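# Examination of the molecular architecture
Each chain, written out:
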Amino acid sequence: MKTEMLAMILAGGQGTRLGKLTKDIAKPAVSFGGRYRIIDFALSNCTNSNIRNVGVVTQYQPLGLNSHIGNGSAWGLDGIDTGVTILQPYSSSEGEKWFEGTAHAIFQNIAYIDQMDPEYVLILSGDHIYKMDYEKMLQQHQENNASLTVAVIEVPMEEASRFGIMNTDENDRIIEFEEKPAEPKSNLASMGIYIFDWGRLRSVLMNSYSKDDQMLDFGKHVIPFFLESGENVFAYRFSGYWKDVGTIDSLWEASMEFIQLDNELDITDKTWRIYSKNQIAPPHFLTATSDVQDSLIVDGCYVAGKIQHSVLSGNVQVKEGSLIQDSFIMAGATIGKNVTIQRAIVGENAIIGDNAVIDGTEEIAVIGNAEVIGVQKNED
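A brief report on the enclosed structure follows.

### Observations regarding helix H1 (residues 39–48)
A large share of H1 lies buried, amounting to 10 of its 10 residues. If you check which residues of H1 are buried, you get Ile39, Asp40, Phe41, Ala42, Leu43, Ser44, Asn45, Cys46, Thr47 and Asn48. Taken from the residues just after H1, Asn50 is the one with a positive phi, measuring 60 degrees.

This is how it looks when you write it as C-alpha cells:
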C-alpha cells in the first residue's frame, strides 16, 4: 500500500506532570475545551491536511484512548484507503517491546510503517493544542530537498532556555541544535513535529540498533546525528496558536485562553474543523437561579449556580448557590450546593459535596477523575 506521507502520533507518555489527571488515562486522552480530548487536534490536523493514514503509538493506560479513537470514523479515517491504527508495545521472540523513547517507538513499529510504504513520515506529539497544515510543511520539505524538516515556533527570548532551540542560517537550514540552552542564540523552539524521508530515517535507525548504539530519542539522538552527518535539515516556521499542555499550569492556561473572544485558535473556523468522538447528550439547562458570564457550557449540563470565566464539559451539574470562577470542569462532574471553586481543574466524574471550598488562588487546584470531595459516607 503506497502512501505519500504517513503520520505517526506519539501518544504513549505517562504524563506525570499532569498528576492525578493521568492516573488512569494517557495524557493525549485528557479532556480539553468542553468537547474534545487533547489528541483530537493532531488527528484533526491530519484529516484537514489530507493525510489519510495515521498510526497512534500508545503505551501507558491506553484503554480510554483506544475507545475514544475507535475506528477513526470521527475524523474520516475509516475509508477503503484510509485508516487509523493503534500501535501498542508487544512481546516477541527477542523479548519485551516497551518503548524507551520517541525514536525507539518508531523503530519498534518499522514493520507497520514498511507495510504502509510511505515516502515521508510525519512525527507528531499527541499532547499539543494547535491547528497546522502539514501539507504546507511537506511542500517546503520537498522544495528544500530535505531529509529532515523540523517545525519551529518563535518564543520570547527570555523563555527560549526552556525549549530545544534550532539555530539556522539565512535560508532556514538548521546548523545547530541546543537542548534547553542557558544562553540561547535564537528563539526558534522545536515543536516536536518532524518530517523525515522514510528511507533515510529507516536506514539510520536500523544501522544504529544493529550496532547496539541505540537512538532512543529524536531530540537527544536523531536530530544531532542528522546534523553531524551533514544531512539537509531545515526549519519550518509556524505562526499561530500552539500550546504544549503537558503540565497543570499549561492545561489550565490553554483552557482559559480557549474561552477568550479573540481566541487565536478560532475553533469556529469551518474550513479547519476540530473533530471529536462525542456522546449524544440533551441540551444544557440553565435554571432561574443560574448566572453565567464569559463561559463555555456544552451539552448535557445542568446549571443552577454562578459560572464566571470557566469551561463546563458535557453532563456537568452545578447546584444552587455554587460559584465557579476561572476553572475547567471536565465531563460528568457533579458540583453540590453552595460550593466555591476558584482557579481549578476538576476531573471527569468527580463529585464535590455541598459547601466545599476549592481555592487555587496561589496554585492551580486539581481534583482527580472520579475523586470525591466533601461527601460524608453513610454510616450503618
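### Observations regarding the packing of helix H6 (residues 198–210) against helix H7 (residues 218–228)
As a packed pair, H6 and H7 sit with axes 12 Å apart at the nearest point and diverge in direction by 110 degrees. By the angle class used here, H6 and H7 are roughly perpendicular. The element H6 and its partner H7 pack so that their crossing is right-handed. Taken together, the residues of H7 that come into contact with H6 (itself represented by Arg200, Leu201, Val204 and Leu205) are Phe218, Val222, Phe225 and Phe226. Each residue belonging to the contact of H6 with H7 can be placed in one class, and the counts come to 7 nonpolar, no polar and 1 charged.

### Things to note about a negative patch on the surface
A cluster of acidic side chains, namely Asp249, Asp359, Glu362 and Glu363, defines a negative patch on the protein surface. When you line up the elements, Glu363 lands in the loop between strand E27 (357–359) and strand E28 (365–367).

### Here we look at the packing of aromatic side chains
Tallied over the full model, the rule gives 10 aromatic pairs. Ring centres 6.5 Å apart and planes at 85 degrees place the aromatic pair Tyr130 and Phe238 in the edge-to-face group. Remark: Phe238 occurs in the loop between strand E12 (233–237) and strand E13 (242–244) and Tyr130 occurs in strand E7 (residues 128–130); sequence separation between them is 108 residues. In this structure Phe238 comes out as buried when scored by relative accessible area, which is 11%. By the ring-pair criterion, three or more aromatic residues cluster together here, those being Phe32, Tyr36, Phe41 and Phe258. In this structure, Arg200 is placed above the aromatic ring of Phe226, and the distance from its NZ or CZ to the ring centre is 5.9 Å.

### A closer look at the sheet that holds strand E20 (residues 317–318)
Spatially, 6 strands are ordered E14-E17-E20-E23-E26-E29 in an open sheet, and the strand pairing comes out parallel. Both outer strands of the open sheet, strand E14 (285–286) and strand E29 (372–373), are each paired with one neighbouring strand and no more. Sheet topology note: the strand E17 (residues 302–303)/E20 ladder contains 2 bridges and is parallel. Of the residues in E20, the one forming a bridge with Val303 is Val318.

What counts as what
- Residues numbered from 1 in each chain as written.
- Predicted model: local features only at pLDDT ≥ 70, side-chain atom pairs only at ≥ 80, totals over all residues.
- Heavy atoms only, no water.
- Buried < 20%, exposed > 50% of the residue type's maximum accessible area, 1.4 Å probe, protein only.
- Helix = DSSP H or I, 4+ residues; strand = E, 2+ residues; numbered from the N terminus.
- Axes fitted to C-alpha atoms, helices over the stretch in contact; angles between N-to-C directions.
- Parallel < 35°, antiparallel > 145°, perpendicular 65-115°, else oblique.
- Left-handed = near helix turned anticlockwise from the far one by under 90°.
- Contact = heavy atoms within 4.5 Å.
- Nonpolar A, V, L, I, M, F, W, Y, C, P; charged D, E, K, R; others polar.
- Patch = residues over 30% accessible without salt bridge, like charges linked within 9 Å, V, L, I, M, F, W, Y side chains within 5 Å.
- Areas by Shrake-Rupley, 256 points an atom, 1.4 Å probe, with all protein chains shown as cover.
- Salt bridge = Lys/Arg side-chain N within 4 Å of Asp/Glu carboxyl O.
- Lys, Arg positive; Asp, Glu negative; His and termini not counted.
- Charge placed at Lys NZ, Arg CZ, Asp CG, Glu CD.
- Phe/Tyr/Trp six-rings, centres within 6.5 Å; stacked < 30°, edge-to-face > 60°.
- Lys NZ or Arg CZ within 6 Å of the ring centre and 35° of its normal.
- Pairing = 2+ DSSP bridges.

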